[in-house]
Amino acid sequence: MEISGSEALWRALLNEGVEMVFGYPGGAIMPVYDALYDFADDIKHVLVRHEQGAVHAAQGYARVQGRAGVCMATSGPGATNLVTGIADAMLDSVPLVCITGQVSADLLGTDAFQETDVIGITIPITKWNYQVTTAAEIPEIIAKAFYIAQRGRPGPVVVDITKNAQLEMLDFEPVSIQGIKNFDPNPSLNIEYVEQAVEAIKESDRPMILCGHGVLISQCESEVIDLAERADIPIACTLHGLSAIPSGHSKYVGMLGMHGNYGPNLLTNESDLLIAIGMRFDDRVTGKLDKYGIKAKVIHIDIDAAEIDKNVAATIPINADAKTALQAMLSLVEKAERPEWFARFAECAEKEFSTVIDAETNPTEGGIRMAEVISRVSELTGGEAILVADVGQHQMMSARYYKFKYSNSWITSGGLGTMGFALPASLGAKAGAPERKVVTVIGDGCFQMTIQELGTIAQQNLAVKIIILNNNYLGMVRQWQELFFEKRYSFVELENPDFVKISEGFGVEAERVSTRDGLMTSLKRMLDSDGPYVLEIVCEKEENVFPMVPSGASVSDIRLE
């Protein structure tokens with residue numbers, strides 16, 4: 001069957017089970033969009049308002065679907081507008097296939113109109129990239145792209161397709177990739193290390209499970225819970241590990257990290273065994289490395305060998321898929337009870353509640369607090385929503401105070417910390433999980449970075465519930481300036497537009513609430529609405545996020561105020 005390269009691209013995408021693509025057309029990818037006209041019944045295309053919106057939407061879609069999201073852009077500025085999202089996906093292990101148009105092969109290197117070296121630009125921020133210069137390459141390269149993006153530790157792949165390759169004809173045959181030379185996505189499990197890990201758990205008095213994003217990727221939530229219940233081990237989650245363990249589970253002790261819970265941070269340095277599963281010991285978790293886990297042996301389970309011993313030396317390195325490793329461990333682990341160890345976490349939780357949580361979530365005076373908003377949203381949704389958060393104070397408040405009931409319910413930008421992530425990511429999440437309620441929490445600064453994607457949400461009639469926590473500041477920067485720069489507030493105060501009018505201009509229902517008396521009514525109205533809804537909540541201007549581990553300090557130096 002002789003078809004054009006552009007048609008071959010869509011057939012190859014269908015062969016990979018692609019149902020939705022987020023993109024923005026342009027000159028160098030116009031033949032692909034022309035071919036899409038004939039595939040509109042098979043693949044839904046979501047027209048975003050900016051290419052950065054396309055890649056973040058694809059991330060949100062990938063996170064809820066558990067498979068590669070697909071985005072598409074033209075050459076030059078279209079391709080470079082994807083770069084931030086590609087880097088974000090690389091750091092957060094999100095599988096993406098990003099397809100970019102490119103000038104014709106005979107013009108490469110001539111500085112042609114809208115030509116950029118997309119391959120050179122994206123080498124450091126992709127698992128793999130490739131420039132297609134002939135139509136005949138398309139079926140195999142697309143199959144290879146999906147194989148690499150989704151297997152092993154997931155991540156983004158870029159396929160740059162020259163315009164001549166889009167127009168040339170080829171005899172199309174679908175391609176299925178079963179393996180790639182020198183790419184081993186599933187390292188073999190070393191059973192000797194598994195046995196050592198089980199023995200270390202048996203000998204431990206104060207073990208602690210550190211649950212990362214890899215637990216969700218490997219879908220081994222139940223195995224982590226089984227291990228914790230059988231061996232009586234507390235579980236703490238990284239920022240990206242949140243929702244892997246129900247917030248109300250008896251073994252769950254809270255979040256790790258700079259603004260995590262008091263107990264998991266402080267007691268890291270009392271633990272004698274850290275069991276790290278699918279996490280990379282990010283600096284926001286460890287604080288000062290030479291003062292981290294100072295009494296503990298470390299079992300590190302990760303599918304990516306590069307992460308083991310990178311930041312924290314592993315006593316027992318298990319380079320394997322987390323689910324495979326945990327299943328092997330569970331066949332050997334013995335029952336245990338550690339009431340004294342759990343009592344230490346309970347003491348810390350009580351101290352954090354009385355010092356921070358109660359005052360933040362149940363204030364009786366002053367302006368509305370971000371923490372109380374998230375707490376009320378958690379109550380009203382029963383912890384069953386997908387929560388999408390942008391980056392900053394509101395992100396940390398969302399992570400701290402939303403009580404997740406179901407796995408795979410938390411989406412945010414972690415490693416890169418990309419402001420503007422949440423609005424497009426939430427539309428991708430809703431498109432990927434239309435049956436679930438999607439609530440996105442955004443700061444007034446972040447909202448203005450990708451505000452145009454309200455147009456996409458309105459056009460697609462995606463019932464995303466958008467909460468703007470407006471304190472007229474770049475809140476996290478202001479907090480650091482207050483605590484560490486003697487309150488020298490340098491360019492952090494925002495004079496914001498009328499968010500309600502702007503939202504209504506896009507065709508999205510909106511309202512503004514500024515008093516505690518009206519908060520619950522407004523939240524209920526938003527959550528009960530049929531379509532997309534923007535709720536701007538005017539918050540206390542100088543609210544801070546505590547606890548806090550100061551940058552460069554030990555986790556033992558965590559501050560409650």
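Use the structure listed above.
Described in the following lines is the structure provided in the data block.

Thresholds, definitions, all that
- Residues numbered from 1 in each chain as written.
- Predicted model: local features only at pLDDT ≥ 70, side-chain atom pairs only at ≥ 80, totals over all residues.
- Heavy atoms only, no water.
- Pairing = 2+ DSSP bridges.
- Helix = DSSP H or I, 4+ residues; strand = E, 2+ residues; numbered from the N terminus.
- Axes fitted to C-alpha atoms, helices over the stretch in contact; angles between N-to-C directions.
- Contact = heavy atoms within 4.5 Å.
- Buried < 20%, exposed > 50% of the residue type's maximum accessible area, 1.4 Å probe, protein only.
- Salt bridge = Lys/Arg side-chain N within 4 Å of Asp/Glu carboxyl O.

**Details of the sheet that holds strand β10 (residues 235-237)**
For step 1, the next point in the chain: A sheet is described by the order of its strands in space; here 6 strands give the open sequence β11-β10-β9-β12-β13-β14, paired in parallel fashion. Every interior strand has two partners, whereas the edge strands, β11 (252-255) and β14 (316-319), have only one. In this sheet, adjacent strand axes meet at a mean angle of 15° when their direction is disregarded.
For step 2, the next point in the chain: Relative to strand β9 (residues 207-211), helix α11 (residues 221-231) is tilted by about 170°, and along the sheet it contacts β9, β10 and β12 (273-277).

**Considerations on unusual backbone geometry**
For step 1, the next point in the chain: Each neighbour pair has its own omega, and for F546 with P547 the value is 0°, a cis peptide bond.
For step 2, the next point in the chain: Looking at where P547 falls in the secondary structure, it is placed in the segment after β20 (533-538).
For step 3, the next point in the chain: Notably, D111 is not glycine yet its phi reads approximately 60°, a positive angle.
For step 4, the next point in the chain: For D111, the position within the fold is in the loop between β5 (96-102) and α6 (118-122).
For step 5, the next point in the chain: Overall, the relative accessible area of 71% leaves D111 in the exposed class.
For step 6, the next point in the chain: Although it is not a glycine, N182 adopts a positive phi angle of roughly 70°.
For step 7, the next point in the chain: Looking at the element boundaries, N182 is found in the loop between β8 (169-171) and α9 (191-203).
For step 8, the next point in the chain: Taking relative accessible area as the criterion, N182 reaches 78% and is therefore assigned exposed.

**Some remarks on the pattern of salt bridges**
For step 1, the next point in the chain: Tallied over the entire structure, the rule returns 21 salt bridges.
For step 2, the next point in the chain: Across the pair D304 and R153 runs a salt bridge whose closest N-O atoms are separated by 2.9 Å. Taken together, the positions of D304 in the loop between β13 (297-302) and β14 and R153 in the loop between α7 (138-150) and β7 (156-162) put the pair 151 residues apart, joining distant regions of the chain.
For step 3, the next point in the chain: Linking R344 and E270 is a salt bridge whose minimum nitrogen-to-oxygen distance equals 2.6 Å. Taken together, the residues R344 in helix α15 (residues 339-361) and E270 in the loop between α12 (262-266) and β12 connect sequence positions 74 residues apart.
For step 4, the next point in the chain: Residue E270 is classed as partly exposed on the basis of its relative accessible area of 24%.
For step 5, the next point in the chain: Through salt bridges with shared partners, a single network forms among R153, D304, E307 and K310.

**Things to note about helix α5 (residues 83-91)**
For step 1, the next point in the chain: Of the residues making up α5, those classed as buried are G85, I86, A87, D88 and A89.
For step 2, the next point in the chain: Of the surrounding secondary structure, the elements contacted by the buried residues of α5 are α3 (51-65), β5, α6 and β7.
For step 3, the next point in the chain: Looking one or two places after α5, you find S93, whose phi comes out positive at around 55°.

**Some thoughts on helix α18 (residues 422-432)**
For step 1, the next point in the chain: Most of α18 sits out of view: 11 of its 11 residues are buried.
For step 2, the next point in the chain: Those residues of α18 not exposed but buried are A422, L423, P424, A425, S426, L427, G428, A429, K430, A431 and G432.

**Some thoughts on the sheet that holds strand β16 (residues 410-412)**
What holds strands together in a sheet is hydrogen bonding between their backbones, with the strands either parallel or antiparallel.
For step 1, the next point in the chain: One open sheet holds the 6 strands; their spatial order is β16-β15-β17-β18-β20-β19, and the pairing between them is parallel. At either end of the open sheet lies a strand with only one pairing partner, and these are β16 and β19 (509-513). Adjacent strand axes in the sheet meet at a mean angle of 15° when their direction is disregarded.
For step 2, the next point in the chain: Pairing analysis gives 4 bridges linking strand β15 (residues 386-389) to strand β17 (residues 438-443), with the strands arranged parallel. Its bridge partner being in β17, I386 is matched across the sheet by V438.
For step 3, the next point in the chain: Of the strands in this sheet, β15 and β16 are in contact with α3, which crosses β16 at around 155°.

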